[in-house]
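What follows is each chain in one-letter form.
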Amino acid sequence: MKDRIIAWMACCFLCIYAIFAYIVSTPFYTCYELRSLTKNFNMAIFERCVDLPSVVNNSYDVVMNSFLDTSIPASGADTYLHFTNLLCGPLNAQFLKLIDSYLNTGKWPEMRDITMDNNRTMDIDYDVILRRSLLEETQIDELAANWHEADGGKVISMTVQNKDMQVPFTLSLLLKKSAGGYWRVVKILNYAQYVHLIEAKRTRDIDAYQKLVGDRREKFTQQVLCGRKHFNKLLIDFDENKCAINRRDLINCIDNEVLPVLLAEQQYMNACQNIPLGAQRLHAYNLDYLRLRIAMWQKYKESVATNNSASLVEAISLQQKSQQVENQINSFLYAMPIFFHDKKR
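Chemist: Requested: an account of the environment of Ala315, with residues and values cited.
Modeler: As for its placement among the helices and strands, Ala315 is situated in helix α11 (residues 309-334). On the basis of relative accessible area, Ala315 is assigned to the buried category, the value being 0%. For the pair Ala315 and Ser303, spaced 12 residues apart in the sequence, the C-alpha separation amounts to 8.4 Å.

Written out as structure tokens, the structure reads:
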């Protein structure tokens, strides 16, 4: 009797295991686990359901070739494509590290310079590539429960929302069966269409923004430039025998020729309304830049008036921070993912 019970239990266990093994090897189970990831992220489930190296590799050309539409001149297209083909492996490896860091920490790390040889450095601007990939600004809304067959696998639909542009889109995820028996996401079939849609709209929004503020900001920029030139000339002509007079001239230059212009520009930019969605991040960068430059000049004024070296150190620090923001602005506007320069000797 005992032997029969044990045999019956063993059969039941084997049947349950067979059923479970069958279920986990179906696209239905992968869909179920992917849907659970949209609510509670789990790294083990993610790695089981998503073949990240394949997804990144299949998305590489989409992201890198998209710059041909916006940033790379036609005369440089062949050279650019040559380098992107050569760098496919190293860039994908670095980008996988970047994504892995985000999945584990929730923050995107800064990753830049790749040294090519002793005399030349190739700068890879991962901020630009990351922004063009749309990873940061894409929010998953819903994953469909059903699938259909295409491209030698199963295709499921995932509805996403682009947070920056407030544009909904339905991505088509291609699943293929792995050697381990799981159905895994290996490619986003319509990723190119998604990137093109968002970037085309962003480009239109940035153009509209530049038309809105460009002319007025150019006038402010030229006025500040004149004030800076006068300030630099006063510094060059500084005479220790006329220290008090020279300091007063420097302070007057800052008070009358530089700060009023920057403050007027800040007031104008703060008052701008109806900023297009695709340019709101750029507008925020511009405001941050102005805030730092105003603080910088105030500290320069303080250091001149009091001969305080601590104020001068703060001014230099603020200048460096403003230059970093200026780099972000240029990166946003011109979006060059790869460029070369000679190493400093």
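Chemist: Any chance you could break down the side chain of Asn286 for me, citing the residues and the numbers?
Modeler: Along the chain, the position of Asn286 falls in helix α10 (residues 280-306). Looking at Asn286, its side chain comes within polar contact range of the side chain of Arg217, at 3.3 Å. With near-sequence residues (within four places) excluded, Asn286 lies in contact with Tyr209, Arg217, Met269 and Ile329.

Chemist: Would you mind going over the packing of aromatic side chains in detail, with residue names and values included?
Modeler: The description of an aromatic ring pair rests on the distance of the ring centres and on the angle between the ring planes. One pass over the structure, following the stated rule, counts five aromatic pairs. The interplanar angle of 45° and the centroid separation of 6.1 Å between the aromatic rings of Phe220 and Tyr268 together place this pair among those described as tilted. Pair noted here: Phe220 is in helix α8 (residues 191-236) and Tyr268 is in helix α9 (residues 243-271), with a separation of 48 residues, a long-range link. Taking the centre distance of 6.2 Å and the plane angle of 80° together, the rings of Tyr285 and Phe332 count as edge-to-face. Taken together, the residues Tyr285 in helix α10 and Phe332 in helix α11 connect sequence positions 47 residues apart.

Chemist: Summarise the nonpolar core; cite the residues concerned and give the values.
Modeler: Leu34, Leu173 and Tyr194 are the most contacted members of the largest nonpolar core, which has 45 residues in total. At seven residues, helix α4 (residues 52-70) tops the list of elements feeding residues into this core. If we ignore the near neighbours within four places in the chain, the residues touching Leu173 are Leu143, Lys154, Val155, Ile156, Met158, Val185, Lys187 and Ile188. Judged by nonpolar contacts, the second largest core, of 35 residues, contains Ile275, Tyr289, Leu290 and Ile329.

Chemist: Could you give an account of α10, naming the residues involved and the relevant values?
Modeler: Here α10 spans 39 Å end to end across 27 residues, near enough to the 39 Å set by a 1.5 Å rise per residue. Immediately downstream of α10, the backbone of Asn307 shows phi near 55°, a positive value.

Chemist: Break down the sheet that holds strand β6 (residues 183-188) for me, with residues and values.
Modeler: On the basis of which strands lie adjacent, the open sheet formed by four strands has the order β3-β4-β5-β6 and antiparallel pairing. The sheet is open, and its two edges are formed by β3 (138-150) and β6, each paired on a single side. Strand after strand, the sheet turns through a mean of 30° between neighbouring axes, direction not considered. Pairing of β3 with strand β4 (residues 153-162) involves nine bridges; the strand directions are antiparallel. Within β4, the residue paired with Glu149 across the bridge is Lys154. Where α8 meets the sheet, it contacts β3, β4, β5 (167-177) and β6, and its direction lies at approximately 160° from that of β5.

Chemist: Could you give an account of the confidence of the model for the protein chain, naming the residues involved and the relevant values?
Modeler: For the protein chain, per-residue confidence averages 81 on the pLDDT scale, and residues scoring 70 or more make up 82% of the total. Per-element confidence in the protein chain ranges from a low mean pLDDT of 45 for strand β1 (residues 114-115) to a high of 93 for α10. For the stretch residues 113-120, pLDDT sits under 50, and the model shows 22 contacts to residues farther than four places along the chain or on other chains.

Chemist: For the pairing of β4, give the residues involved together with the corresponding values.
Modeler: Most of β4 is tucked away, with seven of its 10 residues classed as buried. In this antiparallel pair of consecutive strands, β3 and β4, the connection spans two residues, and Asp151 shows a positive phi of 55°. As defined by bridge partners, β4 adjoins β5 across nine bridges and the pair is classed as antiparallel. Looking across to β5, one finds that Thr159 is bridged to Thr170. Joining the antiparallel neighbours β4 and β5 is a turn of four residues, in which Gln166 adopts a positive phi near 55°.

Chemist: I'd love a proper account of the pattern of salt bridges, names of residues and values included.
Modeler: Within the structure shown, the criterion is met by 13 salt bridges. Between Arg202 and Glu199 there is a salt bridge whose closest N-O contact spans 3.2 Å. Of the two residues, Arg202 and Glu199 are both situated in helix α8; the distance of three residues between them amounts to about one turn of the helix. Residue class for Glu199 comes out buried when judged on its relative accessible area of 10%. As a salt-bridge pair, Arg217 and Glu265 come within 2.9 Å of each other at their nearest N and O atoms. With Arg217 in helix α8 and Glu265 in helix α9, this residue pair connects regions lying 48 residues apart in the sequence. One connected set of salt bridges, linked through shared partners, spans Arg132, Glu137, Asp164, Glu199, Arg202 and Arg281.

Procedures and definitions
- Residues numbered from 1 in each chain as written.
- Predicted model: local features only at pLDDT ≥ 70, side-chain atom pairs only at ≥ 80, totals over all residues.
- Heavy atoms only, no water.
- Helix = DSSP H or I, 4+ residues; strand = E, 2+ residues; numbered from the N terminus.
- Buried < 20%, exposed > 50% of the residue type's maximum accessible area, 1.4 Å probe, protein only.
- Polar contact = N/O pair within 3.5 Å; in protein donor to acceptor, adjacent residues only side chain to side chain.
- Contact = heavy atoms within 4.5 Å.
- Phe/Tyr/Trp six-rings, centres within 6.5 Å; stacked < 30°, edge-to-face > 60°.
- Core = buried A, V, L, I, M, F, W, Y, C linked by side-chain atoms within 4.5 Å.
- Expected span 1.5 Å × (residues − 1).
- Pairing = 2+ DSSP bridges.
- Axes fitted to C-alpha atoms, helices over the stretch in contact; angles between N-to-C directions.
- pLDDT = per-residue confidence, 0-100.
- Salt bridge = Lys/Arg side-chain N within 4 Å of Asp/Glu carboxyl O.

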